[in-house]
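Here are the chains, one letter per residue:
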Amino acid sequence: MVDEIIPKYWYNIVPDLPEPLPPPRDPPDDERSKIDLLRSILPKEVLRQQFTVERYVKIPEEVLSKYLLIGRPTPLIRAKGLEDKLNTPARIYFKYEGATPTGSHKINTALAQAYFAKEEGIAHIVTETGAGQWGTAVALAASLYKMRSTIFMVRVSLEQKPMRKTLMNLYGGEVFASPSQLTEYGKKILEMNPNHPGSLGIAMSESVEYSLRNGYRYLVGSVLDLVVLHQSVIGQEAMKQLELEGVEPDTLIGCVGGGSNFSGFAFPFIGNNVGKEYIAVASKEIPKFSLGEYKYDYPDSAGILPMIKMITLGKDYVPPSIYAGGLRYHGVAPSLSLLIKRGKVRWREYSEAEVFDAAKLMIESQGLVPAPETAHAIASVIEEARNAKKSGDRKTIVFNFSGHGLLDLTNYESMMKRLRE
Ligand SMILES: Cc1ncc(COP(=O)(O)O)c(C=O)c1O
């Protein structure tokens, strides 16, 4: 059964997009090419995959065996409790990525990138993390491949989620609050504002700088096409699981930080013309879809990485400290940005209060505590299910449950307090 469900290839949507994907590029006034610099930043094979136009890329046996080790395929679960609670004629299913050891989908690409780094003889990997889900995944992947890991964690998130640091440390990872004094860029930011809360863009610049200086390699957690490629195991498994149940999905929903879990989940459906509508959900507090612009921008705040064309709030955007740390990133993956701009994927934004209500409904009806990021997708699932009730539509909604929230309980605590006030 496992063998039937777990894919042997990653799916790349790039050749199936309605138009060519605008490639990463160097800014016109560049002295040293940032694209060339990528060779010293990313593991070689990872960089090759970033630019591949093949529709299917073989998953190395070694990575497949690690996918099995962490419990892939993840379950596809019918949310009967939620359906009953909402009294909706719609059927609701979710792909439960919270089932991995680190509690989110992030491990799917961490394992692949760590493997390619290891193959190249790299002994130490570096990354940034917002909510801590990505950092935890990298620390675990590094430990499984017997490498060292350093993680720059956005300061405000580290303060909100000290347990994530504990978990990264348990996996052998070394964790620093960003902005830090360890990099030139971090020092510059702290000079301007010693109390800077940090941002994913800043932490990204710090990790890249730190990695370059020490000859380590940097692992990318979201946004770039190579990450979306690796995450396609989610959607491919889900398609197979639905097929085995004889279910045809109508509406596919996922939350969007940098866009990796949504894309990994929805792109195999989109590319194979399965499903009728696709909804990408962000936070109203970080209004990337309603206020972001579709243009070339830097993925990191220091502008070390090449520019990519994406929906962005600007590389220097300092997000408000909402409880869903993983959705605070300023941009959206280029391939997803393009599909949104062309109207193939629709978007929604919900406020913190709406998202919290959605999380509570999930907890009460299914017993599962969602990551605050995931709760954004759930808010949209609930809206769709309620609309289906009004119109008597018996459609099937499938969403990606990107992570559990058992290490986000402090956020829930402060949310409850704020709502009481
Ligand atoms: C559980 C969870 N879901 C979603 C996200 C958003 O990232 P992405 O859009 O890349 O999936 C994060 C990011 O940290 C996360 O931890």
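Coordinates for the structure precede this section.
### As for the overall build of the protein
Now for step 1: What the protein contains, in helices and strands, is 18 helices and 14 strands.
Now for step 2: Projected onto its principal axes, the C-alpha coordinates of the protein cover approximately 60 × 50 × 40 Å.
Now for step 3: Here the protein, with 421 residues, has 64% of them falling under the buried criterion.
Now for step 4: On the protein, roughly 15700 Å² of surface is accessible, and the fraction owed to carbon and sulfur atoms is 51%.
Now for step 5: Put simply, the protein has 50 plus and 49 minus side-chain charges, and the middle of one group is 2 Å from the middle of the other.

### Observations concerning the packing of helix H4 (residues 61–69) against helix H6 (residues 107–119)
Now for step 1: It is the contact of H4 with H6, at a shortest axis distance of 10 Å, that shows an interaxial angle of 145°. Crossing of H4 over H6 shows right-handed handedness. The segment H4 lies against H6, with Glu62, Val63, Lys66 and Tyr67 engaging Asn108, Leu111, Ala112 and Tyr115.

### A look at the sheet that holds strand E10 (residues 277–283)
Now for step 1: Ordered in space as E3-E4-E14-E9-E10-E13, the six strands form an open sheet in which the pairing is mixed. A single partner strand is all that each edge strand has here, and the edge strands are strand E3 (76–78) and strand E13 (346–350). Averaged over all pairs of adjacent strands, the angle between their axes in this sheet comes to 25°, without regard to strand direction.
Now for step 2: Across five bridges, E10 lies against E13 in parallel orientation. By the bridge assignment, Ala282 is partnered in E13 with Glu349.
Now for step 3: Packing against the sheet, helix H13 (residues 260–271) makes contact with strand E4 (91–96), strand E9 (251–255), E10 and strand E14 (396–401), and its axis sits at approximately 160° to E9.
Now for step 4: Relative to E13, helix H16 (residues 352–366) is tilted by about 95°, and along the sheet it contacts E3, E4, E13 and E14.

### Comments concerning the pattern of salt bridges
Now for step 1: Taken as a whole and assessed by the stated rule, the structure comprises 25 salt bridges.
Now for step 2: We note a salt bridge from Asp250 to Lys276, for which the minimum N-O separation is 2.4 Å. Here Asp250 is found in the loop between helix H12 (225–245) and E9, whereas its partner Lys276 is found in the loop between H13 and E10, with 26 residues between them in sequence.
Now for step 3: Taking relative accessible area as the criterion, Asp250 reaches 12% and is therefore assigned buried.

### Brief notes about unusual backbone geometry
Now for step 1: Note the cis peptide between Arg72 and Pro73, where omega equals -5°.
Now for step 2: Topologically, Pro73 is positioned in the loop between H4 and E3.
Now for step 3: In this structure, Asn87 takes a positive phi of about 50° despite not being glycine.
Now for step 4: Following the sequence through the fold, Asn87 ends up in the loop between helix H5 (80–86) and E4.
Now for step 5: The class for Asn87 is exposed, based on a relative accessible area of 53%.
Now for step 6: Its identity is not glycine, yet Asn273 carries a phi of approximately 55°, on the positive side.
Now for step 7: Its place among the elements puts Asn273 in the loop between H13 and E10.

### Regarding the site of the ligand
Now for step 1: The environment of the ligand is made up of 17 residues, and the closest members are Ser222, Gly257, Ser260, Asn261 and Ser402.
Now for step 2: A distance of 2.7 Å separates an oxygen atom of the ligand from a polar side-chain atom of Ser260.
Now for step 3: Within the side chain of Asn261, one N or O atom sits 2.7 Å away from an oxygen atom of the ligand.
Now for step 4: Starting from 390 Å² of accessible surface for the ligand in isolation, the protein chains cover 97%.

### Thoughts on the side chain of Gln50
Now for step 1: For Gln50, the location among the structural elements is in helix H3 (residues 44–50).
Now for step 2: Residues in contact with Gln50, not counting those within four places in the same chain, are Pro24, Leu224, Asp225 and Leu226.

### Quick word on the pairing of E9
Strand residues, when the strand is regular, have side chains that alternate between the two faces of the sheet.
Now for step 1: Taken across its five residues, E9 has five buried, putting it largely inside the fold.
Now for step 2: Side chains Thr251, Ile253 and Cys255 of E9 all project onto a buried face; the interleaved residues Leu252 and Gly254 project onto the opposite face, where all are buried too.
Now for step 3: Strand direction decides the pairing type here: E9 and E10, joined by five bridges, are parallel. Opposite Leu252, over in E10, you have Tyr278 as the bridge partner.
Now for step 4: Note: E9 against E14, three bridges, orientation parallel. The residue bridging Ile253 from the neighbouring strand is Phe399, located in E14.

### Some details on helix H10 (residues 184–192)
Now for step 1: Along H10, the positions that sit buried rather than exposed are Tyr185, Gly186, Ile189 and Leu190. Buried residues of H10, viewed axially, fall in a sector of 130°; they line one side. Structural note: H10 exposes Glu184, Glu191 and Met192 on the side pointing more than 90 degrees away from its buried face.
Now for step 2: Along its buried surface, H10 packs onto helix H11 (200–214).

Parameters and conventions
Residues numbered from 1 in each chain as written. Predicted model: local features only at pLDDT ≥ 70, side-chain atom pairs only at ≥ 80, totals over all residues. Heavy atoms only, no water. Helix = DSSP H or I, 4+ residues; strand = E, 2+ residues; numbered from the N terminus. Buried < 20%, exposed > 50% of the residue type's maximum accessible area, 1.4 Å probe, protein only. Areas by Shrake-Rupley, 256 points an atom, 1.4 Å probe, with all protein chains shown as cover. Lys, Arg positive; Asp, Glu negative; His and termini not counted. Charge placed at Lys NZ, Arg CZ, Asp CG, Glu CD. Axes fitted to C-alpha atoms, helices over the stretch in contact; angles between N-to-C directions. Left-handed = near helix turned anticlockwise from the far one by under 90°. Contact = heavy atoms within 4.5 Å. Pairing = 2+ DSSP bridges. Salt bridge = Lys/Arg side-chain N within 4 Å of Asp/Glu carboxyl O. Near = heavy atom within 4 Å. Polar contact = N/O pair within 3.5 Å; in protein donor to acceptor, adjacent residues only side chain to side chain. Arc of directions from axis to C-beta.

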